[in-house]
Structures are given as C-alpha cells and as structure tokens.
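Report on the structure
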Amino acid sequence: MTATNFLIWLVLSIIQLPQMVGDELDEAMRERMQQCAEQLSQEMARLLQELEQKSQEERRQEERIEEQSSFSWGALLFAALQQWQFWAIVGVLVLLFGLCWWLRKRSRQPASSSDEESSRSDREQVEVEEEDDDDDEDYLGRFFEEHIQWPVQTLATDCQVAKDLVGDVLCVLQVLLSNSFFPVLQPAIGVGNTFEGWSPDEKGIIYRLLVPLQPRRGHAFHLELGTAGDMPARNFCIHVELVCTCTREQLAENMLCFLHHPKEDLRRNQDPSLLRTLCTGSYLDVEKTAHWFQQLVKDAWVVLPVSSNHRLMVLPSSRSCKFQVTKGNNKSLFIEMIFGVRQGSSDIFLSSHTTEAISTPSTMWSESYAAAEVKFFRHMARRAPRDSFHLKCLQLCARILVGTGFSTYTLKTAVMHLLTTLPLSGWRRRDFLLRLQDIMQYLCCCLEEKRLNHFFFGNERVPEEIVLPPAFQMAKPVNLFQHLVQDPAAHAEALRELDELQDRLTRLLIYGC
C-alpha cells in the first residue's frame, strides 16, 4: 500500500466514523472504533516497512546517479521525497491520536431526553470542555512520554551527589594547600549535558565538573592567545608571572618576596613558587597540574567520612582527574574534574579538557563555553513552562545521532538557537512533535546553506544573564559548518546522514525504541 493510498484511506475512515456515532455509544460501536484504531496502527507499521524497502532501493539509485554527476536533480528530488515520507507518517500519528481525543470526548457526552435537558447538558458540557481543554491538547504529548522508552536516569540526584562529593574533596584540599603557593581551588561548577539536565543514554554517564584556578599570592596569570587563534576552537597559554610582595610581607605572615629576596633564603625558608612546581618554562602545564591533583584527591579521600562505605579508584587521564566512586551496593559514579582559568569576570574559561583527536601541547589550554551553556539552560528552565519538553527533545534527538557524523554539540547549538527564537510557551509537552519538526527542519536548512552559527559569537539573542568577553559580543558570527563549505564530499555525506536521522526518528516515534 503506498503512502498516498494509506492517507486517503485514513481520511475516509475518519469521515465515515461520525456516521456511526449517535447520542449514545453502545458497546458494539465502541468495539468497532477500537478495531479501527488498531487497524490504523497496523497499517502504519506496514507502511513503515514498505518505506524502508523503498528507501533502500532509492538510495542505491541515488548512488548511481551521483557517480554520473556531481550535482544531480535526482538526488534533490530523493531528499525531498524522504522528507515528505517522514512528515507524512508524523501527520498520520497526529491524525490517529487526534481521532482518539475526539472519540474519548464524544463518549463522555451525556445523552439528552428533552430540549430542556439538552440545553442544560450543553452548558455543563461547555464548562467541562473548558476545564479539560488543556488535558485534551496534551493527550498526544502524554502518549509519547509514556510510549517512548526513555533512558532510566536519576540525573538531578546523581548530579547533586557528585557535586557534594567534589565539594567535600575541595574543602579538604583548600585546608591542605592554604600555606602553599599552588593555585587556589575555587568551588566546582557542574558542566556538560548531565548538569544541563539531559543525556543521550543511561550508560557511560560522566559527571564532569570544572574547578576554577586562581593564582596564589605572589603570582599572576596572563592569558596569551596561541598561534591557532581562529574562533571558536581557540587555544591559549597561561603565562605565570611572579609579583612583588615586599610591601605586603607583614600581611602575608612574613612571606618572602620571590623577586627581591636571595635565592638561598627562599630555598631554606619558603616553599617553591608555582614556576618551579606546575610550570614548564613560565607557562602553567596541564599535565603536571593533572598529575598533582590526582595525588591530592587520593590523600584527601582517606580523611572523608564517605570513604568508610565508598571505594575510590582514580582512572588514567593526562589532562584531568577522573575517578570512579562505588557504593556498597555496587552502584558507581564516574566523575571527571577538569581545571579552568576564567577569562576576566566572564562565564568563559580556559579549560584543561580538549576534544581534539590530535595531541595537544601540555602548556596549551582550550577555550571552553561549557559553563556558559549550563548557565543558559538554567536560565531557560526558570522561564519555560513547568511541563517544557525542550530537554526531552534534546535527549530524543541525541539518541538518533549515534553512529553518524553529527555531534551532540551540533544538535545542542541548533536547539539553543531555537530556544531564543521560538516562544518558550511553544515548548510544552503538547507541542512535542512540532518542536521535533522544527529541530529537524532547522538542521536541514543549516546543511543546505552549509552554515550553523556558533551560539555565543556575535549573537544578539544571548540572554544578558550570560556574561561574555567584549570580543565575543563584537565578533562576527562563526560558522560551525565551515568544513562543509570546503569539502563537498563531506557535505553530501551529511545530507545523506540527515535522511537517515529522519528515518530513525520515524521508527523511534512509532515503535518507541
């Protein structure tokens, strides 16, 4: 059965159904309606199977066409057909469950035996409909919330546990380091999608926290932009400079000035400066900092009360401190502490964490927007409706990205743009399918134009609550899809994968997994 024939049959079924419904619905009629709804569901499943078979044939045909021509009208028509097939099935879902709403409301209407009773019943029914209007509109959203097999997660609880645990470790370390010249450890900031309130799945979740570093007395940090200074993936070096403390010796408990006291006195009477411990040359070294911190965590753990019923295992990492905490019931939390230096008073940091596959020099720190992104999602959560589904949309779309060239950061960037473009009242549970359509359509348009702007550069829609460096506000928009402009083959592959994402989303909506 073709998609066109199926949609025509569906419309005819809906048109014919009111002829079956009178003022009263007996059991036979209700049973017949239930059978009709089941038949619609079976036909949708059959249609999906036929579409998958047809899709495979047309993809093979598309590959043959692309071999003959670098720009093919056949490929464009195929992409349009794939989008039409996807949204036709979504439309079928809306019609099907719209029919269920109507049947449910119609079956609740009371029978009337006289004009007076009918008039009174109508007035009562209007009042009931006004009270139940939101429930009826939300029926489809509630259906998908129950139908889709969401990952079983306790993100909010586990995030708080991870943050409390890291906070306890930092409290111990702040006491241990109080008389040293190692960096001052600031309270940790939860970063990444788990602290934003979503995650692609329930396995492999890492609770990542950023620990801001500040220079100790007698030291100063100066940020120097690296040679590869193109936005947005900029790298910096942190130059450590010794500062004169002669005028503050009494206030600093007779601290000796690193610049003006003899080296022999400094060696005998004072701990070494940061330049002699965690630096390579005059630059703060990421790998030395990570190794130093890993040992500190082991030392701090033994004095924490939680160590009596939890096991700590520090995991290998050259640019962060990763560890696994296991409770007595064998439930484990994976926590990663990364280090950062704040740019001025902004929400942008230089981070020890890097996602680059190539080897990064140990004195190089990457510019990170993770803290600003978490702050953005918290800002949106405060303003969004109580039943907002924007995080569910992120989580659902992230599931279908697995195995493709699309990153979750690309998806998150698209959603952040949409959150500041569409009214927040339109992200409620009842608008779930519409927002999924907007996300997919937005990605499609960005791919066609080969342009997806970074959210924080030159974007006037960034909320004022997010503090950005002046250079960000004055910068021109930065294109995250610039590599597609320079690589036609990568662009063609991205378009093909977008079709696959639409197929995956269709199956996920129908089968729930």
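Parameters at a glance
- Residues numbered from 1 in each chain as written.
- Predicted model: local features only at pLDDT ≥ 70, side-chain atom pairs only at ≥ 80, totals over all residues.
- Heavy atoms only, no water.
- Phe/Tyr/Trp six-rings, centres within 6.5 Å; stacked < 30°, edge-to-face > 60°.
- Helix = DSSP H or I, 4+ residues; strand = E, 2+ residues; numbered from the N terminus.
- Contact = heavy atoms within 4.5 Å.
- Expected span 1.5 Å × (residues − 1).
- Buried < 20%, exposed > 50% of the residue type's maximum accessible area, 1.4 Å probe, protein only.
- pLDDT = per-residue confidence, 0-100.
- Polar contact = N/O pair within 3.5 Å; in protein donor to acceptor, adjacent residues only side chain to side chain.

**Considerations on the packing of aromatic side chains**
Evaluated as defined, the whole model comprises eleven aromatic pairs. Counting every residue linked through ring pairs, the aromatic cluster contains F182, W292, F293 and F339.

**Remarks on the environment of I189**
Relative to the helices and strands, I189 is located in strand β2 (residues 189–191). As for I189 and I338, which are separated by 149 residues in sequence, their C-alpha atoms are 9.8 Å apart. The residues touching I189, leaving out its near neighbours within four places in the chain, are R208, L209, L210, P212, R342, F349 and A371.

**Regarding helix α12 (residues 408–419)**
A rise of 1.5 Å per residue sets the reference length of α12, with its twelve residues, at 16 Å; its end C-alpha atoms lie 16 Å apart and thus fit the reference within 8%. In terms of residue burial, α12 counts as a mostly covered element, since ten of its twelve residues are buried. Every buried residue belonging to α12 is among T410, L411, K412, T413, A414, V415, M416, H417, L418 and L419, and all of these are buried. Tucked inside the fold, the buried residues of α12 contact α7 (193–196), α10 (370–383), α11 (390–400) and α13 (432–449).

**Topic: the confidence of the model for the protein chain**
Averaged over the protein chain, the pLDDT score is 79; the fraction of residues at 70 or greater is 66%. Within the protein chain, the lowest mean pLDDT, 43, falls on helix α1 (residues 3–16), and the highest, 98, falls on strand β7 (residues 283–284). Here residues 68–82 is modelled with pLDDT under 50, and outside its nearest four sequence neighbours on either side it reaches 18 contacts, counting other chains as well. Every residue in residues 101–119 scores below 50 in pLDDT, and together they form 27 contacts with partners more than four places removed in sequence or on other chains.

**Remarks on the side chain of T326**
Looking at where T326 falls in the secondary structure, it is placed in strand β9 (residues 321–327). Exposure remark for T326: the relative accessible area of 7% places this residue in the buried category. A distance of 3.0 Å separates a polar atom in the side chain of T326 from a polar atom in the side chain of S332. Among residues more than four places away in sequence, those in contact with T326 are N309, H310, R311, K331 and S332.

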